[in-house]
Amino acid sequence: DKNLNIGIYEYIPGKKIKTPNSLDLNSFLNFIKKLKTISKNKKHLTKFSLASETSTNLNDLLKEINKRKKILINEMDKKKYKTIIKDINILWKYMKIHSLKTNKKSNLKDLILSPSDIGIHNAIKFKNKLYILDFEYFGLDDPIKITSDFIIHPANNFNYEQLNIWLNSMKKIFSDIDNFNEKFMIYFPYYLYRWILIILKI
């Protein structure tokens, strides 16, 4: 109620999932399928802005990464972390050179509604049912970013085999996106580099 400035929420007495299984993974994949279906309604899409830190093209992603890189290096002890800083800068130069050879455009019609930060770290289980939490970053998101972040996020502790199933399933779900596989291979290293900066800052 905006007038009274109050919100009422349902309490779910669930528990965090320490070791996710194949059923948990299927719950996330079904959730993605539902989001994609809902996103086909263009009326919904006009009500939402972009999800937090979503980039619709490689240039914007590079700008965000560069901003994170500068903040991280400025906060680092230059003597203590000399080697790490050097490696960060070398990798950054490579990323910039590589980006010139890639297709920077992303089709806005391919974006779907998403909480953005999807993973086992933002879910609880109650009576064998998975509940997905934390929608503060909700908005229009790139399926490539959703796919990548799910794999990379350090708190999303699915094993290698499960993450491989996730990737192959996402490729099938979004097979209608032109060159999804190729775009994933292009963008994944950039999202990985971005997560390296996030983890180093922590």
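Check the entry above for the structure.
These numbers were taken from a predicted model, which means no experiment stands behind them.

Analysis parameters
- Residues numbered from 1 in each chain as written.
- Predicted model: local features only at pLDDT ≥ 70, side-chain atom pairs only at ≥ 80, totals over all residues.
- Heavy atoms only, no water.
- Pairing = 2+ DSSP bridges.
- Helix = DSSP H or I, 4+ residues; strand = E, 2+ residues; numbered from the N terminus.
- Contact = heavy atoms within 4.5 Å.
- Axes fitted to C-alpha atoms, helices over the stretch in contact; angles between N-to-C directions.
- Expected span 1.5 Å × (residues − 1).
- Buried < 20%, exposed > 50% of the residue type's maximum accessible area, 1.4 Å probe, protein only.
- Parallel < 35°, antiparallel > 145°, perpendicular 65-115°, else oblique.
- Left-handed = near helix turned anticlockwise from the far one by under 90°.
- Nonpolar A, V, L, I, M, F, W, Y, C, P; charged D, E, K, R; others polar.
- Core = buried A, V, L, I, M, F, W, Y, C linked by side-chain atoms within 4.5 Å.
- Patch = residues over 30% accessible without salt bridge, like charges linked within 9 Å, V, L, I, M, F, W, Y side chains within 5 Å.
- Areas by Shrake-Rupley, 256 points an atom, 1.4 Å probe, with all protein chains shown as cover.
- Salt bridge = Lys/Arg side-chain N within 4 Å of Asp/Glu carboxyl O.

S.K.: Please clarify how the sheet that holds strand β1 (residues 15–16) should be interpreted in this entry.
M.R.: The strands making up a sheet associate through hydrogen bonds between their backbones, and the pairing can be parallel or antiparallel. With antiparallel pairing, the three strands of this open sheet are ordered in space as β1-β3-β4. A single partner strand is all that each edge strand has here, and the edge strands are β1 and β4 (129–132). Note: strand β3 (residues 123–126) against β4, four bridges, orientation antiparallel. Residue pairing across strands places A123 opposite I132, the latter belonging to β4. Against the sheet, helix α1 (residues 22–39) touches β3 and β4, its axis set at about 50 degrees to β4.

S.K.: I keep staring at the pairing of β3 and nothing clicks. Help me out?
M.R.: Each regular strand carries side chains that alternate between the two faces of the sheet. Note: β1 against β3, two bridges, orientation antiparallel. Each residue of the ladder has a partner; that of K15, found in β3, is K125. Where β3 hands over to β4, the hairpin turn is made up of two residues, of which K127 adopts a positive phi near 55 degrees.

S.K.: Can you walk me through helix α6 (residues 160–173) in this structure?
M.R.: An α-helix turns once per 3.6 residues; consequently, residues spaced three or four apart project the same way. An ideal rise of 1.5 Å per residue puts 20 Å on 14 residues; α6 measures up with 20 Å between its terminal C-alpha atoms. Within the sequence span of α6, burial applies to Q162, L163, W166, L167, S169, M170 and I173. Contacts made by the buried residues of α6 are with α1, α5 (143–152) and α7 (180–201).

S.K.: Just checking my understanding: could you explain the packing of helix α4 (residues 82–99) against α7 for this structure?
M.R.: Each pair of packed helices gets described by two things: the angle between the helix axes and the distance between those axes. Where α4 contacts α7, the two axes come as close as 11 Å, and the packing angle between them is 160 degrees. On the basis of the axis angle, α4 is roughly antiparallel to α7. By crossing handedness, the relation of α4 to α7 is classed as left-handed. Here α4 contributes I84, I88, L91, W92, M95, H98 and S99 to the contact with α7, which in turn contributes P189, Y190, Y193, L197 and L200. Its residues placed into classes, the contact of α4 with α7 shows 10 nonpolar, two polar and no charged.

S.K.: Looking at this model, I keep getting lost on the nonpolar core. Mind explaining?
M.R.: As a rule of thumb, nonpolar side chains are buried together in soluble globular proteins. Membership of the largest hydrophobic core comes to 47 residues, with the highest contact counts inside it found for F28, I32, F150, W166, M170 and F174. Secondary-structure elements contributing two or more residues to this core are α1, α3 (58–75), α4, β4, α5, α6 and α7. The residues contacting I32, other than those within four sequence positions of it, are I118, I146, W166, M170, I173 and F174.

S.K.: Even after reading the chapter, I still don't get a nonpolar patch on the surface, so can you show me in this structure?
M.R.: A contiguous nonpolar patch, built from Y81, I84, L91, Y94, L192, I196 and L200 and spanning about 560 Å² of accessible area, is present on the exposed surface. Secondary-structure elements contributing two or more residues to the nonpolar patch are α4 and α7. Its location among the elements puts L91 in helix α4.

Any link to function would need more than the numbers given here.
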